[in-house]
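Here are the chains, one letter per residue:
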Amino acid sequence: MKDVYIFAIESSCDETSMAIVKNGKEIESFTVLTQMDTHAKFGGVVPEVASRMHTENITMVFQETIAKSSISMDRIDAIAVTYAPGLLGSLLVGVEFAKTLALVYKKPLIAVNHMIGHIYANRIDNDLKFPLLALVVSGGHTDLIKMNKDYDFQILGSTLDDAIGEAFDKVARILGLQYPGGPNVERLALQGQPTYDLPKPLNDSSYNFSFSGLKSSIINLVHNEQQRHHEIRKSDLACSFQTAAVDQLKRKVKLALKNGEYQELILAGGVSASRYLRHEMEEIAINHHIPLSVPDFKYCTDNAAMIGAAAYPLFLNHQFADFNLNAQSNLPITSK
Ligand code: KG4
Ligand code: ZN
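Let me begin by describing the structure that accompanies this report. (Residues numbered from 1 in each chain as written. Chains lettered and ligands numbered in written order. Predicted model: local features only at pLDDT ≥ 70, side-chain atom pairs only at ≥ 80, totals over all residues. Heavy atoms only, no water.)

Things to note about the overall build of the protein
Then, number 1: The number of helices and strands found in the protein is 10 helices and 10 strands.
Then, number 2: Here the C-alpha radius of gyration of the protein, 20 Å, is about what a compact globule of 336 residues would show, namely 20 Å.
Then, number 3: Dimensions of the protein along its principal axes, counting C-alpha atoms only, are 65 × 45 × 30 Å.
Then, number 4: Within the protein, counting contacts between residues at least 6 apart in sequence, those at least 24 apart form 73% of the total.
Then, number 5: Working note: accessible area of the protein is about 14,500 Å², and carbon and sulfur atoms make up 51% of it.
Then, number 6: Across the protein, the centroid of the 31 positively charged side chains sits 1 Å from that of the 37 negatively charged ones. (Helix = DSSP H or I, 4+ residues; strand = E, 2+ residues; numbered from the N terminus. Rg over C-alpha atoms; globule rule 2.2 N^0.38 Å. Contact = heavy atoms within 4.5 Å. Areas by Shrake-Rupley, 256 points an atom, 1.4 Å probe, with all protein chains shown as cover. Lys, Arg positive; Asp, Glu negative; His and termini not counted. Charge placed at Lys NZ, Arg CZ, Asp CG, Glu CD.)

Now the structure itself:
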């Protein structure tokens, strides 16, 4: 079969990223421009600032991505773009740029769900082994998903309140750490022990998750200790939180793997960059005699390579988008 080259664009939050992806797997060119330092000054992503920066940077990111590769736009088979979920203003910049490229270079357009992109980040270095269990953990999502084949998603459970990444970011703020909180909480936790006694939410037989109780208990604990002029052992608190949050993921993953129907366990989303989470899930996979797939660190957080990987099965099925494609801030993970 002829090689397929997809030009992919991601701009759903605070990264402007583009990639040229061959056959859904091989990364021919890859650029990520992060706005993290700007948003860190505000303690989180400011949507208006994010979309403005995407607009300023998107042409430069395009030029750089083309310049780094021997693949010219003539050789590209389709333009793929993240159209949902995410920040509306940010998504729109990428969607409009993708439409313009598709129009100018006369290429088909492929609309990709950002969260499905995170799942397909695992296809960049590996083949997916179905049926698989996917743990999707990001700033906006915490889902446990069964996949029987490409683009076949059965949601077994989701968070009932906060996403795990959101909880990491809020706890980081309480501990006085910079945005994005996840990596900073992990760094601090390395110096501590899980000595604080925290609640174990949703200790039940469902596949759902809950993180807001855990977050609130930390807020209360910090306020109480401050009122009593007690010292807070920040590294121990970070370690206790990380242990409790990941413990909940471990319980639900073990529950799902109990019946032995899965060929593989995969991690997806920004929180899968956590070395602690990766280590704990590796142990579970070994105990269940199945492989664990985790994306390379550079494909864990938002990037366009994963969008090119997720667009490939849609290309093979001729599932193209119209020029009236619009961005959507909310969209569940659905089979197409
Ligand atoms: O997937 P992502 O880049 O953006 C969304 O689609 O949400 O995920 C970002 C989230 C943030 O909440 C960030 O704090 C979290 O991933 N994160 C981590 C780590 N690295 C990133 N959380 C825990 N430990 C990490 N090492
Ligand atoms: Zn993401």
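Text resumes after the structure shown.
Quick word on the sheet that holds strand E5 (residues 109-113)
Then, number 1: A sheet is described by the order of its strands in space; here five strands give the open sequence E3-E2-E1-E4-E5, paired in mixed fashion. Edge positions in the sheet fall to strand E3 (26-34) and E5, since each has one partner strand and no second. For this sheet, the mean inter-axis angle between neighbouring strands, taken without regard to orientation, is 20°.
Then, number 2: The pairing of strand E1 (residues 5-10) with strand E2 (residues 15-22) spans six bridges and is antiparallel. Across the sheet, the residue bridging to Ile9 is Met18, located in E2.
Then, number 3: The strands touched by helix H2 (residues 47-67) are E1, E2 and E3; relative to E2, the strand with the most contacts, the crossing angle is about 25°. (Pairing = 2+ DSSP bridges. Axes fitted to C-alpha atoms, helices over the stretch in contact; angles between N-to-C directions.)

Some details on the site of ligand 1
Then, number 1: Near ligand 1 lie 19 residues; those nearest to it are His118, Gly139, Asp169, Glu186 and Gly270.
Then, number 2: Gly139 places a polar main-chain atom, nitrogen or oxygen, 2.8 Å from an oxygen atom of ligand 1.
Then, number 3: Between ligand 1 and Gly182 there is a distance of 3.0 Å, counted from an oxygen atom to a backbone nitrogen or oxygen.
Then, number 4: In isolation ligand 1 exposes 550 Å². Once the protein is present, 88% of that is buried.
Then, number 5: Listed by contribution, the elements that provide at least two residues to the shell around ligand 1 are helix H4 (114-120), helix H5 (164-174) and helix H6 (181-189). (Near = heavy atom within 4 Å. Polar contact = N/O pair within 3.5 Å; in protein donor to acceptor, adjacent residues only side chain to side chain.)

Observations concerning the pattern of salt bridges
Opposite charge on two side chains permits pairing when their charged atoms draw close.
Then, number 1: The tally for this structure, following the rule as stated, stands at 21 salt bridges.
Then, number 2: A salt bridge links Arg228 to Glu225; the shortest N-O distance between them is 3.5 Å.
Then, number 3: Relative accessible area serves as the criterion here: at 54%, Arg228 is assigned to the exposed category.
Then, number 4: One salt bridge connects Lys250 with Glu280, and the closest N-O pair in it is separated by 2.5 Å. Residue Lys250 is located in helix H8 (residues 234-257), and its partner Glu280 is located in helix H9 (residues 275-287); the two are separated by 30 residues in the primary sequence.
Then, number 5: Owing to a relative accessible area of 10%, Glu280 belongs among the buried residues under this scheme.
Then, number 6: Each of Asp162, Glu166, Lys170 and Lys215 takes part in one network of salt bridges that share partners. (Salt bridge = Lys/Arg side-chain N within 4 Å of Asp/Glu carboxyl O. Buried < 20%, exposed > 50% of the residue type's maximum accessible area, 1.4 Å probe, protein only.)

Remarks on the nonpolar core
Then, number 1: Leu135, Phe241, Leu249, Val253 and Met281 are the most contacted members of the largest nonpolar core, which has 43 residues in total.
Then, number 2: Breaking this core down by element, the ones donating at least two residues are strand E6 (132-137), H5, H6, helix H7 (212-227), H8, strand E9 (264-268) and H9.
Then, number 3: At 11 residues, H8 tops the list of elements feeding residues into this core.
Then, number 4: Once residues within four sequence positions are removed from consideration, Met281 is found in contact with Leu135, Leu249, Lys250, Val253, Leu265, Leu267 and Leu292.
Then, number 5: Among the nonpolar cores identified, the runner-up in size contains 38 residues, and Val4, Ala19, Ile124 and Ala134 belong to it. (Core = buried A, V, L, I, M, F, W, Y, C linked by side-chain atoms within 4.5 Å.)

Remarks on a nonpolar patch on the surface
Then, number 1: Judged by side-chain polarity, Leu103, Val104, Tyr105 and Phe323 come together as a nonpolar surface patch covering roughly 390 Å² of accessible area.
Then, number 2: Here Tyr105 shows up in helix H3 (residues 88-105). (Patch = residues over 30% accessible without salt bridge, like charges linked within 9 Å, V, L, I, M, F, W, Y side chains within 5 Å.)

In short, the description is geometric, and any link to function would need to be established separately.
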